[in-house]
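Fold and contact review
The chain contents come next:
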Amino acid sequence: MASKSCEFCAYYDYNELYDSYECGVNLDEDDLARFMQSSESDCAYFRFSDDYKLVEKQN
């Protein structure tokens, strides 16, 4: 398991339309090309999902 797994990322969202999970990082065309060509196993856009912060924003 990579040290930065998508399942724990704040950008990993469920898409009800396609009934699947997907990365929600908003990349422009150049960033996407660099990301797809990268040989690194860790995602540079990973942000740990913190459920407690989400609840604070809702209250």
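My aim in this report is to walk through the structure given alongside it, one point at a time. The shown structure was predicted, so the numbers you read here are calculated from the model rather than taken from an experiment.

The phi angle at Asp 19 is positive, at roughly 55°, despite the residue not being glycine. According to the relative accessible area criterion, Asp 19 is exposed, its value standing at 57%.

So, on to the packing of aromatic side chains. Taken as a whole and judged by the stated rule, the model has three aromatic pairs. Ring geometry for Tyr 12 against Tyr 21: centres 5.2 Å apart, planes inclined by 15°, an arrangement best described as stacked. Clustering of aromatic rings is evident, with ring pairs tying together Tyr 12, Tyr 14 and Tyr 21. Residue placement shows Arg 47 over the ring face of Tyr 11; its charged tip is 4.9 Å from the ring centre.

In this structure, strand β1 (residues 12-15) lies alongside strand β2 (residues 20-23), joined through four bridges in antiparallel fashion. Bridge pairing links Asp 13 to Glu 22 in β2. Between β1 and β2, which pair antiparallel and follow one another directly, the connecting turn spans four residues, one of which, Asp 19, has a positive phi of 55°.

The full count for this structure, using the stated rule, is zero disulfides. Lacking any disulfide linkage, Cys 9 is separated from the closest cysteine sulfur, that of Cys 23, by 6.1 Å. Left unpaired, Cys 23 is separated from the closest cysteine sulfur, that of Cys 43, by 6.0 Å.

Cut-off values and rules
- Residues numbered from 1 in each chain as written.
- Predicted model: local features only at pLDDT ≥ 70, side-chain atom pairs only at ≥ 80, totals over all residues.
- Heavy atoms only, no water.
- Buried < 20%, exposed > 50% of the residue type's maximum accessible area, 1.4 Å probe, protein only.
- Phe/Tyr/Trp six-rings, centres within 6.5 Å; stacked < 30°, edge-to-face > 60°.
- Lys NZ or Arg CZ within 6 Å of the ring centre and 35° of its normal.
- Pairing = 2+ DSSP bridges.
- Helix = DSSP H or I, 4+ residues; strand = E, 2+ residues; numbered from the N terminus.
- Disulfide = S-S within 2.5 Å.

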